[in-house]
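# Inside the fold
As a plain string of letters, each chain reads:
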Amino acid sequence: MFDVADSLMGALASAKSGLATAAGGVSRSATPLGSARTESTLAQAAGQAIFTEALLNAVHARLAEIKSVAHG
């Protein structure tokens, strides 16, 4: 069996890194070291979450295609 997410692995790794960076920015915003304006930090986190959700939906769609072919 082939890896159904092989073509998406780079994007998934990038999404993981982006979410970690966004989470770090959001957590720093609650400290004195963070920016007083958190709108851009929260917007970045939301953008990364939307991107990750789209990737996961793409993987889900590929798995659904394989399921429909495997079950005839």
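Here's a quick rundown of the structure.

What counts as what
- Residues numbered from 1 in each chain as written.
- Predicted model: local features only at pLDDT ≥ 70, side-chain atom pairs only at ≥ 80, totals over all residues.
- Heavy atoms only, no water.
- Helix = DSSP H or I, 4+ residues; strand = E, 2+ residues; numbered from the N terminus.
- Rg over C-alpha atoms; globule rule 2.2 N^0.38 Å.
- Buried < 20%, exposed > 50% of the residue type's maximum accessible area, 1.4 Å probe, protein only.
- Contact = heavy atoms within 4.5 Å.
- Areas by Shrake-Rupley, 256 points an atom, 1.4 Å probe, with all protein chains shown as cover.
- Lys, Arg positive; Asp, Glu negative; His and termini not counted.
- Charge placed at Lys NZ, Arg CZ, Asp CG, Glu CD.
- Polar contact = N/O pair within 3.5 Å; in protein donor to acceptor, adjacent residues only side chain to side chain.
- Expected span 1.5 Å × (residues − 1).

With that out of the way, let us pick up the overall build of the protein chain. Counting secondary structure elements, the protein chain contains two helices and zero strands. The C-alpha radius of gyration of the protein chain comes to 17 Å, more than 25% above the 11 Å expected for a compact globule of 72 residues. The 72 residues of the protein chain split such that 18% are buried. Within the protein chain, counting contacts between residues at least 6 apart in sequence, those at least 24 apart form 71% of the total. With an accessible surface of roughly 5,200 Å², the protein chain has 63% of that area assigned to carbon and sulfur atoms. Computing the positive centroid from 5 side-chain charges and the negative centroid from 5, the protein chain places the two 8 Å apart.

Further remarks concern the environment of G47. Position of G47 among the secondary structure elements: in helix 2 (residues 39-70). Among the residues examined, G47 registers a relative accessible area of 37% and is labelled partly exposed. Residues G47 and S7, 40 residues apart in the sequence, show an inter-C-alpha distance of 22 Å.

Tracing the chain through its elements places T52 in helix 2. Within the structure, the side chain of T52 is placed 2.9 Å from the backbone oxygen of Q48, a separation counted as a polar contact. What T52 contacts, discounting residues up to four positions off in sequence, is A15 and L19.

Given a rise of 1.5 Å per residue, 32 residues ought to cover 46 Å, and the 46 Å separating the end C-alpha atoms of helix 2 matches this to within 8%. By the burial criterion, the buried members of helix 2 are T41, A45, T52, L55 and V59. At its buried positions, helix 2 is contacted by helix 1 (9-28).

To continue, consider the side chain of T41. Mapped onto the secondary structure, T41 falls in helix 2. Other than its neighbours up to four places away in sequence, T41 contacts G25 and V26.

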